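Summary of the model geometry
Given next are the chains, with one letter for each unit.
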Amino acid sequence: MSLTRHEIREKAFQALFALNANPDADQNQLYQQLLNPDETAEVEIPGYLSTLVTGVTEHQAELDAQIQPYLSRTWSLDRLAKTDLIILRMAFYELKYVDDVPGKVAVNEAIELTKAFSDDQSRKFVSGVLGKAVMNDNI
């Protein structure tokens, strides 16, 4: 099974969303369910999937601290839709820690994930936050 980076990001989003709801879930079992829903046989987990999920999970507090300044004064992280917060965490992680992903690609992929898993208002919000962050070059 060969997935594109975009498809891997979609699976990473789904895994992070599931882990947000159940932090004690077995990650390997979760990956298998996402990659092979028919459960025909265990499949190899793409390295980048594990990198994204583990990286976002391990750096979550730091990523949240980087996101917070880009929210308006009336908003806090816990008020954000979980989908938007997870997508922002993934984008900030890629911008800061993944050297072979250009900033424009990380931002575009985040917007594409928002289109797939959220709504138009969220897409505009995520785009605005990432646009400000990249423009300020604080990532």
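Residues numbered from 1 in each chain as written. Predicted model: local features only at pLDDT ≥ 70, side-chain atom pairs only at ≥ 80, totals over all residues. Heavy atoms only, no water.

Going by an unreviewed UniProt entry, the protein carries the name Transcription antitermination protein NusB and comes from Lactiplantibacillus brownii. Under Sequence similarities (unreviewed entry), UniProt gives the following word-for-word description of the protein: "Belongs to the NusB family." You can read under Function (unreviewed entry) in the UniProt record for the protein the words "Involved in transcription antitermination. Required for transcription of ribosomal RNA (rRNA) genes. Binds specifically to the boxA antiterminator sequence of the ribosomal RNA (rrn) operons." (UniProt positions renumbered as here; feature names shortened; annotations may be inferred.)

Observations regarding the UniProt feature "domain: NusB/RsmB/TIM44" (unreviewed entry) in the protein
According to UniProt, the positions carrying the feature "domain: NusB/RsmB/TIM44" (unreviewed entry) are residues 7–133. This span, residues 7–133, is 70% helix and 0% strand, and a straight line between its end C-alpha atoms measures 25 Å. (Helix = DSSP H or I, 4+ residues; strand = E, 2+ residues; numbered from the N terminus.)

Things to note about the packing of helix α5 (residues 82–97) against helix α7 (residues 120–136)
Interhelical geometry of α5 versus α7 gives an angle of 25° and a closest axis separation of 11 Å. Taken as axis vectors, α5 and α7 run roughly parallel relative to one another. For the pair α5 and α7, the crossing hand works out as right-handed. In contact with Asp84, Ile87, Leu88, Ala91, Phe92 and Leu95 of α5, α7 contributes Ser122, Phe125, Val126, Val129, Leu130, Ala133 and Val134. When the residues that make up the contact of α5 with α7 are grouped by side-chain class, the tally is 11 nonpolar, 1 polar and 1 charged. (Axes fitted to C-alpha atoms, helices over the stretch in contact; angles between N-to-C directions. Parallel < 35°, antiparallel > 145°, perpendicular 65-115°, else oblique. Left-handed = near helix turned anticlockwise from the far one by under 90°. Contact = heavy atoms within 4.5 Å. Nonpolar A, V, L, I, M, F, W, Y, C, P; charged D, E, K, R; others polar.)

Details of α7
Counted at 1.5 Å a residue, the expected span for α7 with its 17 residues is 24 Å, and the 24 Å between its end C-alpha atoms agrees. Looking at α7, one finds that the buried residues are Ser122, Val126, Val129, Leu130 and Ala133. The arc enclosing the buried residues of α7, seen along the axis, measures out at 90°, which places them on a common side. Every exposed residue of α7 that faces more than 90 degrees away from the buried side is listed here: Gln121, Lys124 and Met135. Packed against the buried residues of α7 are α5 and α6 (103–117). A side-chain oxygen of the first residue of α7 lies 3.3 Å from the backbone nitrogen of Gln121; this N-cap is Asp119. (Expected span 1.5 Å × (residues − 1). Buried < 20%, exposed > 50% of the residue type's maximum accessible area, 1.4 Å probe, protein only. Arc of directions from axis to C-beta. Polar contact = N/O pair within 3.5 Å; in protein donor to acceptor, adjacent residues only side chain to side chain.)

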